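# Architecture and fold: a report
One letter stands for each residue in the lines below.
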Amino acid sequence: MAGVDEAIRVRYAPSPTGALHLGGARTALFNYLFARQKHGQFLLRIEDTDRARFKPDSQASIEEGLHWLGMNWDEPAMIQSQRKEIYAEAASVLLELGAAYRCFCTPQRLEQMRAEQRARHEPERYDRRCRSIPRAESDRRAAGGERFVVRQAIPIDGTTTFHDLVMGTVTFRNDTLDDHVLLKSDGFPTYHLAFAVDDHAMAISHIIRGEGWLPSAPKHLLLFQAFNWLPPAFAHLPLVLGPDKKPLAKRHGAKDVLEYRDAGYLPEAVDNFIAFLGWSPGTTEDILTVEELISKFSIEKIQPSPAMANLERLDWLNGQFIRRLSTDELAARLASRMPGASPEALAPLVPLVRERLRTLNEAPEMLRFFFDEPDAYRPEQLTPKGRDGAAAATALNSAASTLSELPGWTPQTIEPALRALAERIGWSSKDLFMVLRVAITGRTVTPPLIESMSRLGKDRVLARLERAASALADPLRR
RNA sequence: GGCCCGUUCGUCUAGCUGGUCCAGGACGCUGCCCUCUCAAGGCAGAAAUCAGCGGUUCGAAUCCGCUACGGGCUACCA
C-alpha cells in the first residue's frame, strides 16, 4: 500500500462507449479532488480494448465534459489500444510464472459447458479443462497456429482479502472466482489484465472507481501479487441512481454532462451537486466551491450506500451559484447564450435577474422585453378586475403624461410619481403597476417594474404606454 | 442459482471511537412575513418507531447475528 508520504497518483479510466454522465463525472471528480488535495497527479486512461463497443466521438466528448467541469489531467491520456504488445508481453510473463495458462476451448464448447451448468443449477464458470494441459503441449499448439486465449490461474483454495477504503474489509473465497480470460484471441487484453498492467505502469497509488468493479477487485489483486508488484489501495464508490432508482450508468439515455451545460447549469454547481452524492464534509455546509471541496474531501467520508440524484436540488444549487457570481461574470456568461447581446449591454440588467435565475437559460426570456417590443397585447391583462378597458386606457395615458414631465429618469423619480398618480386616480398601486407592467413588458411576470423602466429608457417606456393605451381603445388597431 | 455490497425524513445527508439523538441540516412541500408581479430572503411547520427480529450492554441509529428487501458482478464488455 502507498505510504502517506508517497506520491499520490489516481486515474479516471472511462471506456469510450458513450458520453460522460453524472455518475462517471462523480467518479472522475472524487479522483480529481483527492489528487489535488494530496498534491498528487490526476490521470486519464482510455479503456478502448473492446473494439465492438468503441464509439469514435466518445473520447472527445468525455474530455470536453471533464474540462467543462474544471478537471484537467496532468499527463497525456493513456490509450490502451496502443499498448497491445505490452499486454501480450505481460501475459507471457504470467504464463512463465504459472499464474496463467492458454485455453484452446472454442466459444461453442464454452457455450455448451455453460448450458450444462445451467441445467444442473451450478455456477456458470470455466471448468478449467485447459488448465491441466502440459506447458510443452500448450506451446506446441500455440506455435502451430491454434487459436487460444490466456486465462488467469486463480488459486484453487484460500481466500483473497483486501481493505476497501469505502466498503471496508472484503473477503472472497478463491474457489468462487472464475479463471477469467486475460488475453483475448484477437491479442487484446481484457480489462482484468489491462487494469493491473496499466495501473502498475502508471504508478497508481489509489484506485477510486465505481462499485461495479468490486467483484473483480480480488482478481486484480491476485494479478498484482503474481507479478510481485505492490498493489494500490482500493476505494469503490457506491452507485449513483437516477430518479427512477435505476443505476445512472445503465439507464438508457443517461444524460451527458454537456447537456447540463447546454441547459444553463454552472459547472461549479454541477461539481458541488455530484460531490454530495455519497459524500459530505460532515458538517452542515452545503454550498462549497471547488477549492473548498478539494480541501475538505476525504475518502473516509464517502458513504457505502447508493445515492439517488435529486435534480431539484441541482436547480436550487445552480441558483445559489448564479447569485454568487459578480455582475460582470454573470453578464459574460449570459452573453454567451444571448446572440446579439454584449456583456456590456447585459451588465446593467444583471441585477434585475440575478436572484430570479435558476439556470442561465432562463435569462433570455426574462430580459426579452429589453431587446424586442412586446407582442400583441391582451386587453384582459391590461385591465384590472373591477375596471374596464376605457379606465385602463385612461390610466395608461395619465401615466404617460406624468412620466413625460418627470425631471429625471431614475427609480427614485419614477416610483413616487407613479404612486402619487395611483392615489390621484383612486387605483391601488398594485393594479396600476400591473397594468404598466403588461404595457411595458408584455408579460405579467417580470423583473422589478420600476428598475426595468429606468433601464429601458424614457422614450421606449412612453411609446409602449401609448401603444398599449391605443390597443385598449381599439383592439383591432393595436 | 453463486459471489459480493448496501438499508437514517419523499430525496441528499449529519450521526464515525455507544449515553448530550424521543435523531440535526439541506432540497422539495405547507403557512406567515417582506412585496409593484415573479423570485430571492426571513420565520414557522409537516415529514425518519434510524429495514425487521434477536443479542451484547445500566444504556444502541451507533457493536454482533439472523431475516427481508434493494443492488452489483457472474462474456474472448468496460
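Rules behind the numbers
- Residues numbered from 1 in each chain as written.
- Chains lettered and ligands numbered in written order.
- Predicted model: local features only at pLDDT ≥ 70, side-chain atom pairs only at ≥ 80, totals over all residues.
- Heavy atoms only, no water.
- Helix = DSSP H or I, 4+ residues; strand = E, 2+ residues; numbered from the N terminus.
- Rg over C-alpha atoms; globule rule 2.2 N^0.38 Å.
- Buried < 20%, exposed > 50% of the residue type's maximum accessible area, 1.4 Å probe, protein only.
- Contact = heavy atoms within 4.5 Å.
- Areas by Shrake-Rupley, 256 points an atom, 1.4 Å probe, with all protein chains shown as cover.
- Lys, Arg positive; Asp, Glu negative; His and termini not counted.
- Charge placed at Lys NZ, Arg CZ, Asp CG, Glu CD.
- Domains from an automatic or database assignment.
- Pairing = 2+ DSSP bridges.
- Axes fitted to C-alpha atoms, helices over the stretch in contact; angles between N-to-C directions.
- Right-handed = clockwise from strand over helix to strand, strands pointing away.
- Near = heavy atom within 4 Å.
- Polar contact = N/O pair within 3.5 Å; in protein donor to acceptor, adjacent residues only side chain to side chain.
- Nonpolar A, V, L, I, M, F, W, Y, C, P; charged D, E, K, R; others polar.

## Here we look at the overall build of chain A
Helices and strands together make up the secondary structure of chain A, namely 21 helices and twelve strands. For 478 residues, the compact-globule estimate of 2.2 N^0.38 gives 23 Å, and the C-alpha radius of gyration of chain A, at 33 Å, exceeds that figure by more than 25%. In terms of its C-alpha atoms, chain A occupies a principal-axis envelope of roughly 105 × 50 × 35 Å. A buried classification covers 50% of the 478 residues belonging to chain A. Nonlocal contacts in chain A, meaning residues at least 24 apart in sequence, comprise 75% of its contacts between residues at least 6 apart. On chain A, roughly 22600 Å² of surface is accessible, and the fraction owed to carbon and sulfur atoms is 52%. Averaging the positions of the 61 positive and the 62 negative side-chain charges in chain A gives two centres separated by 3 Å.

## So, the domain arrangement of chain A
Segmenting chain A into domains produces domain 1 (9–240), domain 2 (327–370) and domain 3 (379–477). Using only C-alpha atoms to locate each centre, domain 1 and domain 3 end up separated by 70 Å.

## A short note on the sheet that holds strand 3 (residues 78–79)
Reading across the sheet, the three strands line up as 1-2-3 and stay open at both edges, with parallel pairing between neighbours. Lying at the two open borders of the sheet, with one neighbouring strand each, are strand 1 (9–12) and strand 3. The pairing of strand 1 with strand 2 (residues 41–46) spans four bridges and is classified as parallel. When the sheet's bridge partners are listed, Val 10 is paired in strand 2 with Phe 42. Packing of helix 6 (residues 191–201) onto the sheet brings it into contact with strand 1, strand 2 and strand 3, and relative to strand 2 it is tilted by some 145 degrees.

## Section: the sheet that holds strand 5 (residues 149–152)
In space, the three strands of this open sheet follow the order 4-5-8, with antiparallel pairing throughout. Each edge of the sheet is formed by a strand with only one pairing partner; in this case those strands are strand 4 (100–103) and strand 8 (181–183). Taken over all neighbouring pairs, the strand axes of this sheet differ in orientation by 45 degrees on average, direction set aside. When strand 4 meets strand 5, the two strands line up antiparallel, connected through four bridges. Of the residues in strand 5, the one forming a bridge with Ala 100 is Gln 152.

## Observations concerning the pairing of strand 10 (residues 233–237)
Within strand 10, five of the five residues are buried, leaving the element largely enclosed by the surrounding structure. Neither face of strand 10 is open: one carries Ala 233, Ala 235 and Leu 237, the other Phe 234 and His 236, and all of them are buried. Pairing of strand 9 (residues 206–210) with strand 10, which is carried by five bridges, proceeds in the parallel orientation. Paired with His 206 across the two strands is Ala 233, which belongs to strand 10. Considered for its hand, the β-α-β crossover made up of strand 9, helix 7 (residues 217–227) and strand 10 is right-handed.

## Examining the protein's contact with RNA strand B
Every one of the 68 residues lining RNA strand B counts as a neighbour, but Asp 50, Gly 278, Gln 303, Arg 356 and Arg 419 are closest to it. Here, RNA strand B places atoms within 4 Å of the protein, and 76% of those atoms are sugar or phosphate. At 3.3 Å from a phosphate oxygen of RNA strand B is found a side-chain nitrogen or oxygen belonging to Ser 280. A distance of 2.8 Å is found between a sugar or linking oxygen of RNA strand B and a backbone nitrogen or oxygen belonging to Glu 355. For the surface near RNA strand B, the element with the most residues is helix 11 (residues 311–324), which contributes five residues. In terms of residue class, the surface near RNA strand B is built from 29 nonpolar, 18 polar and 21 charged.

## Here's the deal with helix 20 (residues 449–456)
Summarising burial for helix 20: six of the eight residues are buried, a large majority. For helix 20, the set of buried residues is Leu 449, Ile 450, Ser 452, Met 453, Ser 454 and Leu 456. Buried positions along helix 20 lie against helix 14 (350–353), helix 15 (363–371), helix 17 (389–404), helix 18 (411–425), helix 19 (429–441) and helix 21 (458–473). Directly beyond the C-terminal end of helix 20, a positive phi value near 105 degrees is found at Gly 457.

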